[in-house]
Amino acid sequence: MKNYDSLLDATNDLLKRGYTANLSLDGDTIDDNAQNIHMTADDFEIDEFYRFEGASNPDDMSIVYAVSSPRYNLKGVLINAYGTYADDSSSAIAAKLHHHQVSHNLHGEDRPSAQ
């Protein structure tokens, strides 16, 4: 289990571990604009995620996702707000980002094995 003191520490460690794509959330896709890749909810997995609160403002909250896509052969980092500034989209992407499968992977813990 990894613990990070800051968002910068988390993103730097993920970069060292091969999560090199800079991903962004754009409506119904997660995009790697450098490679012109636009992933739907079926195209990626959430490997890990980490939540951070701003030191001076609890409303300044972010979540860092370690995302991988075998289909596009990429690993990347997606940073998104949560709490007050969270994306309240009802898209399949938002559902996947907040789905219960992520809770099993909090801070890099292994997912339960399939029965």
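Residues numbered from 1 in each chain as written. Predicted model: local features only at pLDDT ≥ 70, side-chain atom pairs only at ≥ 80, totals over all residues. Heavy atoms only, no water.

**Description of the side chain of Asp-31**
Now for step 1: Here Asp-31 lies in strand 2 (residues 29-32).
Now for step 2: In this structure, Asp-31 is buried with no salt-bridge partner, the nearest side chain bearing the opposite charge being Arg-71 at 12 Å.
Now for step 3: Within the structure, the side chain of Asp-31 is placed 2.7 Å from the side chain of Thr-29, a separation counted as a polar contact.
Now for step 4: Within polar-contact distance, the side chain of Asp-31 engages the side chain of His-38 at 3.0 Å.
Now for step 5: Not counting residues within four places of it along the chain, the set of residues in contact with Asp-31 comprises Asn-22, Leu-23, Ser-24, Asp-26, Ile-37, His-38 and Met-39. (Helix = DSSP H or I, 4+ residues; strand = E, 2+ residues; numbered from the N terminus. Buried < 20%, exposed > 50% of the residue type's maximum accessible area, 1.4 Å probe, protein only. Lys, Arg positive; Asp, Glu negative; His and termini not counted. Salt bridge = Lys/Arg side-chain N within 4 Å of Asp/Glu carboxyl O. Polar contact = N/O pair within 3.5 Å; in protein donor to acceptor, adjacent residues only side chain to side chain. Contact = heavy atoms within 4.5 Å.)

**Some remarks on the packing of aromatic side chains**
Now for step 1: A full pass over the atoms with the stated rule returns two aromatic pairs.
Now for step 2: Seen from their ring centres, Tyr-4 and Tyr-50 are 4.9 Å apart, and the 85° between their planes marks the pair as edge-to-face. Here the residue Tyr-4 occupies a position in the segment before helix 1 (7-16), and Tyr-50 occupies one in strand 4 (residues 45-53), the gap between them amounting to 46 residues.
Now for step 3: Take Tyr-4: its relative accessible area is 17%, and that puts it in the buried class.
Now for step 4: In this arrangement the basic side chain of Lys-75 is found over the ring face of Tyr-19, its NZ or CZ atom lying 4.4 Å from the centre. (Phe/Tyr/Trp six-rings, centres within 6.5 Å; stacked < 30°, edge-to-face > 60°. Lys NZ or Arg CZ within 6 Å of the ring centre and 35° of its normal.)

**So, the pairing of strand 1 (residues 21-26)**
Now for step 1: Strand direction decides the pairing type here: strand 1 and strand 6 (residues 74-81), joined by three bridges, are parallel. Residue pairing in the sheet places Asn-22 in a bridge with Val-77 of strand 6.
Now for step 2: Counting the residues between successive antiparallel strands, the hairpin from strand 1 to strand 2 contains two residues, one of them, Gly-27, with a positive phi of roughly 65°. (Pairing = 2+ DSSP bridges.)

**Some thoughts on the confidence of the model for the chain**
Now for step 1: Across the chain, the average pLDDT comes to 78, with 68% of residues at 70 or higher.
Now for step 2: In the predicted structure, residues 107-115 sits below a pLDDT of 50 and forms 18 contacts with residues beyond four places in sequence or in another chain. (pLDDT = per-residue confidence, 0-100.)

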